[in-house]
Each structure stands twice: as structure tokens, then as C-alpha cells.
Amino acid sequence: MPSIHTPTSPTYSYPSNMIIVLNDPSLWALINWNIVFSYWTVAAGAVVVYDWVLTLGQEIELIWRQRWSLMTVLYLVIRYIGPPYSVVYILQYMPSASLTDAVSIP
């Protein structure tokens, strides 16, 4: 009689393209935290873009049209290095697993 391989069997291996869905209540807090963190990240990004749009006119008048100095360069570096750094940081720590109930079986 052939042996049956179950997911708990040590000889069973999952295909690399298979999504594993765990319905473990101990993970619900982590999933909820990831969702809340995602909402806060989007809200913070929206506030930064809103501030950027509101102050763009003043920045053009007071920074870009004036004579360049060390302070001008420092201001521009600080002003424009933050958003790309934040995007890279957020993308680095995004969860790579799908948080849906979908299962892909080949």
C-alpha cells in the first residue's frame, strides 16, 4: 500500500510557488499590527506630500531663486533625501506573504 504524505509528515515538501495559509489565532495580533502599521505609513506619507505641496511656492521663492550657499544645499539635501529613504525603508520591511485566504495548488 502506498504511503500518504500529509503536511505534518517530515518528508512532505511544499512547492516553492505555493501559498501556505495558517489559521493560527496566535498570528492574528501580528497580522492586525501589520495592517495598522500599513495605514499609519500611508497616512504619514499623505501628510508629508500635503506639507510639500503647501510649502512648494515658498520654497521656490526663498530657496531656488536665491544665491546658493552651504545652508541652501543642506536644506535641499535634508528636504529631498527623506522621501526616497522612507520609501526604501518601507519596502524593505513590507511583509512578503499574502495575508489572504487564497491557496494556490498547482
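Description of the structure in this document. (Residues numbered from 1 in each chain as written. Predicted model: local features only at pLDDT ≥ 70, side-chain atom pairs only at ≥ 80, totals over all residues. Heavy atoms only, no water.)

Quick look at the packing of aromatic side chains now. One pass over the full model with this rule turns up 4 aromatic pairs. Measuring from centroid to centroid gives 5.2 Å for Trp-33 and Phe-37, while their planes differ by 10°, and the two rings are stacked. A residue pair is termed a helical-turn pair when its members lie 3 or 4 positions apart in one helix, as Trp-33 and Phe-37 do in helix H1 (residues 28-64) at 4 residues. Relative to Tyr-80, the ring of Trp-52 lies with its centre 5.3 Å away and its plane at 50°, an arrangement referred to as tilted. (Phe/Tyr/Trp six-rings, centres within 6.5 Å; stacked < 30°, edge-to-face > 60°. Helix = DSSP H or I, 4+ residues; strand = E, 2+ residues; numbered from the N terminus.)

What follows concerns the layout of surface pockets. Computed from the structure, the second largest pocket encloses a volume of approximately 340 Å³. Together, 14 residues line the second largest pocket, and Thr-41, Ala-44, Gly-45, Ser-86 and Ile-90 are the ones closest to its centre. Looking at the lining of the second largest pocket, the elements that each hand over two or more residues are H1 and helix H2 (70-92). Per-element accounting of the lining of the second largest pocket gives the leading share, 8 residues, to H1. Partitioned by chemical class, the residues of the lining of the second largest pocket number 10 nonpolar, 4 polar and no charged. (1 Å grid on protein atoms, 1.4 Å probe; cavity = no way out; pocket = protein on both sides within 12 Å on 5 of 7 lines; lining within 4 Å. Points joined across faces, edges and corners; volume = space filled by probe spheres on them. Nonpolar A, V, L, I, M, F, W, Y, C, P; charged D, E, K, R; others polar.)

A few words on a nonpolar patch on the surface. A cluster of nonpolar side chains, Leu-56, Ile-60, Trp-64, Trp-68, Val-73, Val-77 and Ile-81, forms an exposed patch at the surface whose accessible area comes to about 630 Å². Within the secondary structure layout, Val-77 lies in helix H2. Val-77 sits in the partly exposed class, given a relative accessible area of 45%. (Patch = residues over 30% accessible without salt bridge, like charges linked within 9 Å, V, L, I, M, F, W, Y side chains within 5 Å. Areas by Shrake-Rupley, 256 points an atom, 1.4 Å probe, with all protein chains shown as cover. Salt bridge = Lys/Arg side-chain N within 4 Å of Asp/Glu carboxyl O. Buried < 20%, exposed > 50% of the residue type's maximum accessible area, 1.4 Å probe, protein only.)

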